[in-house]
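# Inside the fold
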Amino acid sequence: MDKIVSKITSGLKGEIVIPSDKSISHRAIMFSSLAKGKTKISNFSRGADCHSTLKVFSQLGIEHEFLSEQELILISNGKLKAPTKDLNCGNSGTTMRLVSGILAGQNFDSVLFGDESLSKRPMKRVIEPLSLMGAKIDSNEFKAPLKIYGQNLRGIEYNSKLASAQVKSCVLLAGLHADGETIFTEPYVSRDHTERMLKYLGADIQYDGAKTTIKRSELTAHDISICGDISSATFFIVAGLIVPNSDFVIKNVGLNPTRTGILDVVKMMGGDVEILDKKLVSNEEVGDLRVKTSDLRACEISGSLIPRLIDELPVIAVLATQAEGTTVIKDAQDLRNKESDRITAVVKELRKFGADIDETPDGFIINGKTPLKGNCELDTYHDHRLAMSMYVAGLISENPVKINEFQWVDISFPEFETLVNKLIEH
Ligand code: S3P
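Cut-offs and rules
- Residues numbered from 1 in each chain as written.
- Predicted model: local features only at pLDDT ≥ 70, side-chain atom pairs only at ≥ 80, totals over all residues.
- Heavy atoms only, no water.
- Near = heavy atom within 4 Å.
- Polar contact = N/O pair within 3.5 Å; in protein donor to acceptor, adjacent residues only side chain to side chain.
- Areas by Shrake-Rupley, 256 points an atom, 1.4 Å probe, with all protein chains shown as cover.
- Helix = DSSP H or I, 4+ residues; strand = E, 2+ residues; numbered from the N terminus.
- Pairing = 2+ DSSP bridges.
- Core = buried A, V, L, I, M, F, W, Y, C linked by side-chain atoms within 4.5 Å.
- Buried < 20%, exposed > 50% of the residue type's maximum accessible area, 1.4 Å probe, protein only.
- Contact = heavy atoms within 4.5 Å.
- Phe/Tyr/Trp six-rings, centres within 6.5 Å; stacked < 30°, edge-to-face > 60°.
- Lys NZ or Arg CZ within 6 Å of the ring centre and 35° of its normal.
- Axes fitted to C-alpha atoms, helices over the stretch in contact; angles between N-to-C directions.
- Parallel < 35°, antiparallel > 145°, perpendicular 65-115°, else oblique.
- Left-handed = near helix turned anticlockwise from the far one by under 90°.
- Nonpolar A, V, L, I, M, F, W, Y, C, P; charged D, E, K, R; others polar.
- Expected span 1.5 Å × (residues − 1).

To continue, consider the site of the ligand. In the vicinity of the ligand, the contacting residues are Lys22, Ser23, Arg27, Thr94, Arg97, Ser164, Ala165, Gln166, Arg191, Ile310, Asp311 and Lys338. Here serine 164 contributes a side-chain N or O atom positioned 2.7 Å from an oxygen atom of the ligand. Here an oxygen atom of the ligand and a side-chain polar atom of lysine 338 are 2.7 Å apart. Notes on the ligand: free accessible area 390 Å², of which the protein chains cover 95%. Of all the secondary-structure elements, those providing two or more residues to the shell around the ligand are α1 (22-34), α3 (93-103) and α5 (165-176).

Consecutive side chains along a regular strand alternate between the two faces of the sheet. Across nine bridges, the pairing between strand β19 (residues 272-281) and strand β20 (residues 284-292) is antiparallel. Within the sheet, the bridge partner assigned to glutamate 274 lies in β20 and is arginine 290.

Turning our attention to the sheet that holds strand β7 (residues 109-113). One open sheet holds the four strands; their spatial order is β6-β7-β9-β8, and the pairing between them is mixed. Here the strands that pair on one side only, and so sit at the sheet edges, are β6 (87-88) and β8 (136-138). Alignment of β7 against strand β9 (residues 146-149), held across four bridges, turns out to be antiparallel. Considered in β9, the bridge of valine 111 is made with lysine 147.

What the three strands build is an open sheet, ordered β1-β27-β26; its pairing is mixed. Bordering the open sheet on either side are β1 (3-5) and β26 (377-378), each of which pairs with just one other strand.

What follows concerns the nonpolar core. Within the largest apolar cluster, 76 residues are counted, with the highest numbers of intra-cluster contacts made by Phe236, Ile237, Ile250, Ile301, Leu313, Leu350 and Phe416. In terms of residues, this core owes the most to one element, helix α7 (residues 230-242), which gives nine residues. Not counting chain neighbours up to four residues away, the residues in contact with isoleucine 250 comprise Ile16, Ile18, Ala233, Phe236, Ile237, Gly287, Asp288, Leu289 and Val291. Counting 63 residues, the second-largest nonpolar core is a separate cluster that includes Ala35, Ala104, Met197 and Cys227.

Inspection of the secondary structure assignment puts arginine 121 in the loop between β7 and α4 (124-132). Arginine 121 sits in the buried class, given a relative accessible area of 4%. A polar contact is formed between the side chain of arginine 121 and the backbone oxygen of asparagine 337, at a distance of 3.0 Å. Among all residues touching arginine 121, those that are not within four sequence positions of it are Asn91, Gly93, Arg97, Phe142, Lys143, Asn337, Lys338 and Glu339.

Another aspect to go through is the packing of aromatic side chains. In the structure shown here, the tally under the stated rule is eight aromatic pairs. Centroid distance phenylalanine 236 to phenylalanine 413: 6.0 Å. Interplanar angle 65°. Geometry classified as edge-to-face. Of this pair, phenylalanine 236 sits in helix α7 while phenylalanine 413 sits in the loop between β27 (401-403) and α12 (416-425); the two residues are 177 residues apart in sequence, bridging distant segments of the chain. Taking relative accessible area as the criterion, phenylalanine 236 reaches 2% and is therefore assigned buried. Classification of phenylalanine 413 as buried rests on a relative accessible area of 0%. Measuring from ring centre to ring centre gives 5.4 Å for tyrosine 391 and phenylalanine 406, while their planes differ by 35°; the resulting arrangement is tilted. Of the two residues, tyrosine 391 sits in helix α11 (residues 384-394) while phenylalanine 406 sits in the loop between β27 and α12, which places them 15 residues apart along the sequence. One exposure class covers both tyrosine 391 and phenylalanine 406, and it is buried. Just above the ring of phenylalanine 142 sits the side chain of lysine 124; from NZ or CZ to the centre is 5.1 Å. Over the ring of tyrosine 149 we find lysine 136, and its NZ or CZ is 4.3 Å from the ring centre.

Bringing helix α9 (residues 313-320) into the picture now. Among the eight residues of α9, eight are classified as buried, and the element is accordingly described as predominantly covered. Those residues of α9 not exposed but buried are Leu313, Pro314, Val315, Ile316, Ala317, Val318, Leu319 and Ala320.

Here the focus is the packing of α1 against α3. Packing of α1 against α3 leaves a shortest axis separation of 11 Å and a crossing angle of 25°. Of the possible angle classes, the one that applies to α1 and α3 is roughly parallel. Our pair here, α1 against α3, has a crossing hand that is right-handed. Between α1, through Lys22, His26, Arg27, Met30 and Leu34, and α3, the contact on the second element is made entirely by Thr94, Thr95, Leu98, Val99 and Ile102. Along the lines of polarity and charge, the residues of the contact of α1 with α3 split into five nonpolar, three polar and two charged.

We now examine α1. An α-helical turn contains 3.6 residues, so a residue and the one three or four places further along point in the same direction. Over its 13 residues, α1 runs 19 Å from end to end, which matches the ideal 18 Å to within 8%, given 1.5 Å per residue. Buried residues dominate α1, accounting for 13 of its 13 residues. Structurally, the start of α1 carries an N-cap: the backbone nitrogen of serine 23 is 2.9 Å from a side-chain oxygen of aspartate 21.

Moving on: unusual backbone geometry. In the segment running from alanine 144 into proline 145, the intervening peptide bond is cis, with an omega of 0°. Tracing the chain through its elements places proline 145 in the loop between β8 and β9. With a phi angle near 65°, asparagine 245 is a residue other than glycine that sits in the positive phi range. For asparagine 375, which is not glycine, the phi torsion reads 55° and is therefore positive. Checked against the element boundaries, asparagine 375 lands in the loop between β25 (363-368) and β26. Asparagine 375 gets classed as exposed once you look at its relative accessible area, which sits at 64%.

As structure tokens, then:
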């Protein structure tokens, strides 16, 4: 489905509620499937990725029933059943990497596969630590499909070179079913939703910054209410800052400090985003954000900030085209291993708009402020975040743009365009 996007002339105004967090939705299904009892999951994601996880756990014998489109009851005795078919993870790296940690320690064998984009993504990062724990996994040169032969696992101490929540979660989930203690350390703190939710469900887990320790534990079901996704909210934060005459409120945004790197960037750039109301829901911080159009200045984004905004970088590149000066983004080489090579793809597409952006091995150099000219045709690379980033750039382009295969947005955020229109029509 192609999409034409035109410049907004009247500003974005009003109020939107940001939909369910993708990372937390995946974990809610996975961990309540491992917990004994009945779980009510509220505000579950409509995105295709989280529905891939739900289908995988149905094939592993976990029953669920939807009470409404985004509310479901899941019932488990804490045990999974051998699947009768291979398990399809779709486009979702989170599904494949976390589920491999769960399946490695089961008493049955299984196969995980995915779509074209997922089949190109690196799996060595999870196969390596799992193998050290005693897992037996066959792969296609460290890529999917993964054939997992269930084994008895042993705990390990693993110092990860990558700050990756997917790798961390995979190892911790294997540790949940392993003999002894599993200790995971990472160079910088990545998102800690796994640690928070496992603790909430009663696991024997301790975490302190970049070090987490887990022991074999049984989980007990507890209802889970999922907050809005700050990664989805970021498309609106950026749009609000760069579309002239905007002033609106984004409600129910997850504000877990391991995810709020975008708010640090907004502050460094001089953007006007105010946190209105903060509370704790199912062990996660949540709040509302008020965003206003702002004059922006360039900044440097690197180091420990990167894992706290990794998914936001494509749209942050759009933001940087509208900031005065040179924005440097570095230490983000893993951006090349996402749903697409997001460094090459962002540079190629933003140049079509007339942006002054260069590629480096681990990030971008962006000179601003540059008017975006538009009048171009954009590709999405099977990547939902590329599709939405290009859409946001289109909102300030002098001429309309055409985005090819815009339907990839449905992977994480099917409500995206409806919410943009709500702020346009206010
Ligand atoms: C995720 C972790 C991040 C992120 C992905 C979701 C998660 O990946 O990019 O969209 O839910 O754990 P990495 O851990 O590979 O950085």
